[in-house]
There are 2 protein chains.
Amino acid sequence: MEVKTAIRERRSIRAFKADPVAEEVVEELVQLANMAPSAGNLQAREFIVIRDDRTRESLAAAAGNQMFIREAPVCIVVCVNYERIANYGARGRELYVFHDTGAAIQNVLLAAHDMGLGAVWVGAFNEGPVKRMLRLPKHIRPVAIIPVGHPVEQPKMRVRRDPSDILRKESW
Amino acid sequence: MEVKTAIRERRSIRAFKADPVAEEVVEELVQLANMAPSAGNLQAREFIVIRDDRTRESLAAAAGNQMFIREAPVCIVVCVNYERIANYGARGRELYVFHDTGAAIQNVLLAAHDMGLGAVWVGAFNEGPVKRMLRLPKHIRPVAIIPVGHPVEQPKMRVRRDPSDILRKESW
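Presented here is an overview of the structure given in this document. It should be emphasised that the depicted structure is a prediction, and the values quoted were computed from it without experimental measurement.

1. Overview of the packing of helix H2 (residues 23–33) of chain B against helix H5 (residues 89–114) of chain B
When two helices pack together, their arrangement is captured by the angle between the axes and the distance separating the axes.
All names here are of chain B.
No. 1: Between H2 and H5, the least distance of the axes is 8 Å, while the angle of their chain directions is 135°. Considering their axes alone, H2 and H5 lie oblique with respect to each other. Helix-helix and strand crossings are classified by hand; for H2 and H5 the assignment is right-handed. Contacts from Leu29, Leu32 and Ala33 of H2 reach H5 at Ala104, Ile105, Asn107, Val108, Ala111 and Ala112.
No. 2: Split by residue class, the contact of H2 with H5 holds eight nonpolar, one polar and no charged.

This is the structure:
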């Protein structure tokens, strides 16, 4: 699929078939995620692939019972790695790691759409329970959950701000 | 260009021809940027397009004299909008806005590469001077500068972490 088509036609998918997603496919998604640029090429991001039913159920619970997290056959939990970014100080901790994960997640969403899969970016969840259930060390923080599966819905595009509103020339 | 090809072959370009980049092209890049998902579809991001020589020179100065910022015919300054994200509280201010801009920036880099253009994500700069020179209001914060132009270099891929290092299954 063409880049611009994928960017324009990607949607947030929250309804999935039970069909599994092959291991190689998920590995390719993560590899493509990490092709995104990162501050100093430090790649201060980590990916935990969850297929276990009970873990997906607990993830759904930690995310306010968004049950499509349990229904998706696989979830990718995206984490920042504060040790890897440490040399950049506060700017690394408070900005770069989120940019680096945000860009990586966008690659996953585009590549999943390109492969005929559906995915959605979940940012609203309680980090504490997720850290505990995944046994994350202190310097690893979960920042997004991406359920991935074969879509059973084709949502319409959500309205975007007008270009004349979102783009300014030379100054504010 | 195919999505996966663009993701794999995109490079950070820091050397540009003097040739201009058409206005419609930059507008399309910004529109594609804003096709990235955002928390609550609030699109709490803003884009300032800079072509003025003196402003690009000042941007370069604010970014530790990275002179490719001046050499690129156009720069897109990407900002977060704290007013638009206000309903999400601390999580919105400290996480979502950066994810939303990170995903948008990745779209710009991929689409630019698809169009035969080069671009690079600059995150290291002094925000104060940039805010002043662009007359940004208090709730608008510049978080990235993207110089865009016709590339005169083809850098090699920078080494990525091994998949066995960056991907874990079921837990840490």
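2. Let's talk about the sheet that holds strand E2 (residues 74–81) of chain B
No. 1: The sheet built from five strands is open, its strands ordered E5(A)-E1(B)-E2(B)-E4(B)-E3(B) with mixed pairing. The open sheet has two edge strands with one neighbour each: strand E5 (167–169) of chain A together with strand E3 (118–119) of chain B.
No. 2: Pairing of strand E1 (residues 45–50) of chain B with E2 of chain B, which is carried by six bridges, proceeds in the antiparallel orientation. Bridging across to E2 of chain B, valine 49 of chain B finds its partner in isoleucine 76 of chain B.
No. 3: The sheet strands contacting H5 of chain B are E1, E2, E3 and strand E4 (140–149) of chain B, and the helix crosses E4 of chain B at an angle near 10°.

3. A closer look at the interface of chain B and chain A
When the parts of a complex come together, some accessible area is lost, and that lost area is often taken as the interface size.
No. 1: With 58 residues of chain B at the contact, the number on the chain A side is 58 residues.
No. 2: Class assignment for the residues of the side of chain B that touches chain A results in 31 nonpolar, 13 polar and 14 charged.
No. 3: Examined bridge by bridge, strand E1 (residues 45–50) of chain A and strand E5 (residues 167–169) of chain B share three bridges and lie parallel to one another. Each residue of the ladder has a partner; that of isoleucine 48 of chain A, found in E5 of chain B, is arginine 168 of chain B.

4. Structural notes on the pairing of strand E2 (residues 74–81) of chain A
All names here are of chain A.
No. 1: Burial of E2 is extensive: eight of the eight residues sit out of reach of the surface.
No. 2: Burial along E2 is two-sided: Val74, Ile76, Val78 and Val80 and Cys75, Val77, Cys79 and Asn81, pointing in opposite directions, are all buried.
No. 3: Sheet topology places E2 next to strand E4 (residues 140–149); eight bridges connect them, and they run antiparallel. When the bridges of E4 are listed, asparagine 81 appears paired with isoleucine 140.

5. A word on the sheet that holds E1 of chain A
No. 1: Judged by pairing direction, the sheet is mixed, and its five strands sit side by side in the order E3(A)-E4(A)-E2(A)-E1(A)-E5(B) without closing on themselves. Strands with a single pairing partner mark the edges of an open sheet, and in this sheet they are strand E3 (118–119) of chain A together with E5 of chain B.
No. 2: Relative to the sheet, helix H3 (residues 53–62) of chain A contacts E1, E2 and E4 of chain A, its axis offset from that of E1 of chain A by approximately 120°.

6. Brief notes about the relation of the copies chain B and chain A
No. 1: Note on the identical chains: chain B maps onto chain A by a rotation of 180° and an axial translation of 0.0 Å, with an RMSD of 0.0 Å. One copy is carried onto the other by what is essentially a two-fold rotation axis.
No. 2: A shared binding surface is used by both copies, with 100% of the interface residues of chain B retained as interface residues in chain A.

7. A short note on H3 of chain A
All names here are of chain A.
No. 1: Among all positions in H3, only Arg56, Leu59, Ala60 and Ala62 are buried. Down the axis of H3, the buried side of the element spans an arc of 165°, and every buried residue falls inside it. Facing away from the buried side of H3 by more than 90 degrees, the exposed set consists of Asp53 and Arg54.
No. 2: Tucked inside the fold, the buried residues of H3 contact E1, helix H4 (68–71), E2, helix H6 (127–133) and E4.
No. 3: One or two positions beyond H3, positive phi appears at glycine 64, with a value near 65°.

About the thresholds
- Residues numbered from 1 in each chain as written.
- Chains lettered and ligands numbered in written order.
- Predicted model: local features only at pLDDT ≥ 70, side-chain atom pairs only at ≥ 80, totals over all residues.
- Axes fitted to C-alpha atoms, helices over the stretch in contact; angles between N-to-C directions.
- Helix = DSSP H or I, 4+ residues; strand = E, 2+ residues; numbered from the N terminus.
- Parallel < 35°, antiparallel > 145°, perpendicular 65-115°, else oblique.
- Left-handed = near helix turned anticlockwise from the far one by under 90°.
- Contact = placed C-beta atoms within 7 Å.
- Nonpolar A, V, L, I, M, F, W, Y, C, P; charged D, E, K, R; others polar.
- Pairing = 2+ DSSP bridges.
- Buried ≥ 20, exposed ≤ 12 C-beta atoms within 10 Å, placed from the backbone.
- Least-squares fit on C-alpha atoms with pLDDT ≥ 70 in both.
- Arc of directions from axis to C-beta.

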